[in-house]
Amino acid sequence: LAAFGSFHENDREGPWVFYHVNGNVQRKGTYRAGAEIGPWIEYHPNGQIFQQGAYQGGMRRGHWLAFHPNGQKQSE
């Protein structure tokens, strides 16, 4: 799994992007002190959105949406 982003004192910090083995984006979002924070989007290998929502302190919070590989909504 390829990933690009910055570290601060050995913790992921700031914007990060992870990639599937086929080169398409797998997930992207922001870290603060090594924990996911704010909006994140994850993608199927074909590039369609898999799920999206927000993190707070590394834990999922609030409303999340999930989609099938064809783009149709799977769940809320």
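Higher on the page you've got the structure.
Reference entry: report on the structure contained in this document. (Residues numbered from 1 in each chain as written. Predicted model: local features only at pLDDT ≥ 70, side-chain atom pairs only at ≥ 80, totals over all residues. Heavy atoms only, no water.)

## Remarks on the overall build of the protein chain
A tally of regular secondary structure across the protein chain gives 0 helices and 7 strands. Written out in order from the N terminus, the α and β elements of the protein chain read β-β-β-β-β-β-β. Projected onto the principal axes, the alpha-carbon positions of the protein chain cover approximately 40 × 30 × 10 Å. Relative to its 76 residues, the protein chain shows a buried fraction of 26%. Counted over contacts in the protein chain with a minimum sequence separation of 6, partners at least 24 positions apart contribute 4%. Put simply, the protein chain shows about 5000 Å² of open surface, and 51% of that area lies on carbon and sulfur atoms. When the 7 positive and 6 negative side-chain charges of the protein chain are each reduced to one mean point, those points stand 7 Å apart. (Helix = DSSP H or I, 4+ residues; strand = E, 2+ residues; numbered from the N terminus. Buried < 20%, exposed > 50% of the residue type's maximum accessible area, 1.4 Å probe, protein only. Contact = heavy atoms within 4.5 Å. Areas by Shrake-Rupley, 256 points an atom, 1.4 Å probe, with all protein chains shown as cover. Lys, Arg positive; Asp, Glu negative; His and termini not counted. Charge placed at Lys NZ, Arg CZ, Asp CG, Glu CD.)

## A few points about the pattern of salt bridges
All chains considered together, the criterion is met by 4 salt bridges. Residue E42 is joined to R27 by a salt bridge in which the shortest nitrogen-to-oxygen separation is 3.8 Å. Of this pair, E42 sits in strand 4 (residues 35-43) while R27 sits in strand 3 (residues 25-32), placing them 15 residues apart in sequence. On the basis of relative accessibility, which here comes to 12%, the residue E42 falls in the buried class. Each member of the salt-bridge network shares a partner with another, and the members are R27, E36, E42 and R60. (Salt bridge = Lys/Arg side-chain N within 4 Å of Asp/Glu carboxyl O.)

## A look at the sheet that holds strand 7 (residues 73-75)
The strand order across the open sheet built from 7 strands is 1-2-3-4-5-6-7, with neighbouring strands paired in antiparallel fashion. Strands with a single pairing partner mark the edges of an open sheet, and in this sheet they are strand 1 (2-8) and strand 7. Adjacent strand axes in the sheet meet at a mean angle of 15 degrees when their direction is disregarded. Inspection of the sheet shows strand 5 (residues 49-56) paired to strand 6 (residues 59-67) by 5 bridges, in the antiparallel sense. Each bridged residue has a counterpart across the sheet, and for Q56 the counterpart in strand 6 is M59. (Pairing = 2+ DSSP bridges. Axes fitted to C-alpha atoms, helices over the stretch in contact; angles between N-to-C directions.)

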